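Commentary on secondary and tertiary structure
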Amino acid sequence: MATWKPIVAGVDGSPQAAGAAALAWRIAGTAGTDCYFVHGAHPLLHASAVADFMTDANLLVERQVESARARVVTALRDALPPVARDRVEVRLGRAAAVVVRAAHERNAGLIVLGGKHHSAFGRWMGGSTAQHVVRTTDIPLLGTGTAPGRSTRILVAADLSYAAGRTFEEAGRRTRRVGAWAAGAHEAEAATGFGEVAK
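Report on the accompanying structure.

Okay, the side chain of arginine 91 next. With respect to the helices, strands and loops of the structure, arginine 91 is situated in strand E3 (residues 88-92). Setting aside chain neighbours within four positions, we find arginine 91 in contact with Val38, His39, Gly40, Ala41, Val98, Arg101, Ala102 and Glu105.

Attention now goes to the sheet that holds strand E5 (residues 141-144). Ordered by their spatial adjacency, 5 strands build an open sheet running E3-E2-E1-E4-E5, and the pairing between neighbours is parallel. The sheet is open, and its two borders are formed by E3 and E5, each paired with just one other strand. Averaged over neighbouring strand pairs, the angle between their axes works out to 25 degrees when direction is ignored. Here strand E1 (residues 7-10) pairs with strand E4 (residues 110-114) via 3 bridges, running parallel. When the sheet's bridge partners are listed, valine 8 is paired in E4 with isoleucine 111. Contacting E4 and E5, helix H7 (residues 129-136) runs over the sheet at an angle of about 160 degrees to E4.

All right, on to helix H5 (residues 95-105) then. Ala96, Val98, Val99, Val100, Ala102 and Ala103 are the residues of H5 that are buried. Where H5 is buried, its residues touch E1, strand E2 (35-41), E3, E4 and H7. Positive phi appears at asparagine 107, one or two residues downstream of H5, with a value of about 55 degrees.

The end-to-end C-alpha separation of helix H1 (residues 15-31) is 24 Å, in line with the 24 Å expected for 17 residues at 1.5 Å each. If you check which residues of H1 are buried, you get Gln16, Ala17, Ala18, Gly19, Ala20, Ala21, Leu23, Ala24, Ile27, Ala28 and Ala31. Looking one or two residues beyond H1, the residue adopting positive phi is glycine 32, at roughly 70 degrees.

Here histidine 39 shows up in strand E2. If sequence neighbours within four positions are ignored, histidine 39 has contacts with Val11, Asp12, Ala68, Arg71, Val72, Glu89, Val90, Arg91 and Val98.

Further remarks concern the environment of leucine 76. Inspection of the secondary structure puts leucine 76 in the loop between helix H3 (57-75) and helix H4 (82-85). Residue classification places leucine 76 among the buried positions, given a relative accessible area of 0%. Between the C-alpha atoms of leucine 76 and valine 11, which are 65 residues apart in sequence, the distance is 8.7 Å. Not counting the four nearest positions on each side in its chain, leucine 76 is found in contact with Val11, Ala17, Ala18, Ala21, Arg85 and Val88.

The next point concerns the environment of alanine 108. Along the polypeptide, alanine 108 turns up in the loop between H5 and E4. Overall, alanine 108 belongs to the buried group, its relative accessible area being 6%.

Attention shifts here to the pattern of salt bridges. Here the structure, examined in full by the defined rule, presents 3 salt bridges. Glutamate 89 serves as the salt-bridge partner of arginine 91, at 2.8 Å between the closest nitrogen and oxygen. For arginine 91, a relative accessible area of 15% corresponds to the buried category. Residue glutamate 89 is classed as partly exposed on the basis of its relative accessible area of 27%. Across the salt bridge formed by arginine 91 and glutamate 105, the nearest N and O atoms sit 2.6 Å from each other. A residue pair is termed long-range when its members are at least 10 positions apart, and arginine 91 in strand E3 and glutamate 105 in helix H5 qualify at 14 residues. For glutamate 105, a relative accessible area of 52% gives the class exposed.

Reading guide: rules and limits
Residues numbered from 1 in each chain as written. Predicted model: local features only at pLDDT ≥ 70, side-chain atom pairs only at ≥ 80, totals over all residues. Heavy atoms only, no water. Helix = DSSP H or I, 4+ residues; strand = E, 2+ residues; numbered from the N terminus. Contact = heavy atoms within 4.5 Å. Pairing = 2+ DSSP bridges. Axes fitted to C-alpha atoms, helices over the stretch in contact; angles between N-to-C directions. Buried < 20%, exposed > 50% of the residue type's maximum accessible area, 1.4 Å probe, protein only. Expected span 1.5 Å × (residues − 1). Salt bridge = Lys/Arg side-chain N within 4 Å of Asp/Glu carboxyl O.

This is how it looks when you write it as structure tokens:
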């Protein structure tokens, strides 16, 4: 049986991220692989912008990272054991970019993110981290539900492209290992204005 590559979970201070982190840790334990947790913090100010009036511009950045890490670790207190919380890493940058970079550096075989509901305006303003991750890496992504418990089902979203076959193969391999089952879904957009085009 093939061994699993490491798992990287994107985390923040939300309950959804805590649930995703717990699931990632459980899958890693079942699969016998490493699990890492990463948080992307938006920089308040870049060190170069405050260098003229701050003796140690990097101090501001260090304190921001420490504060963000403390907040995230506290939010994960009930979801992860101490040994797992010690692996939380905070990097400055957009969450999606930070998660993808960490996953590539760790040679990850799976990225896990907590699912959140975004309004149309929210998606327009900043978008979904999961959506950005899917568009910028070929590493499989597992998005958890808004209140994940012990997952027994995995929904595989696929289109009619060449990538669908690999997607279902990966899903089947992973679900068997963690005792879950997978179902496939494909969304087809309705043809709007078709009558006008036909005329």
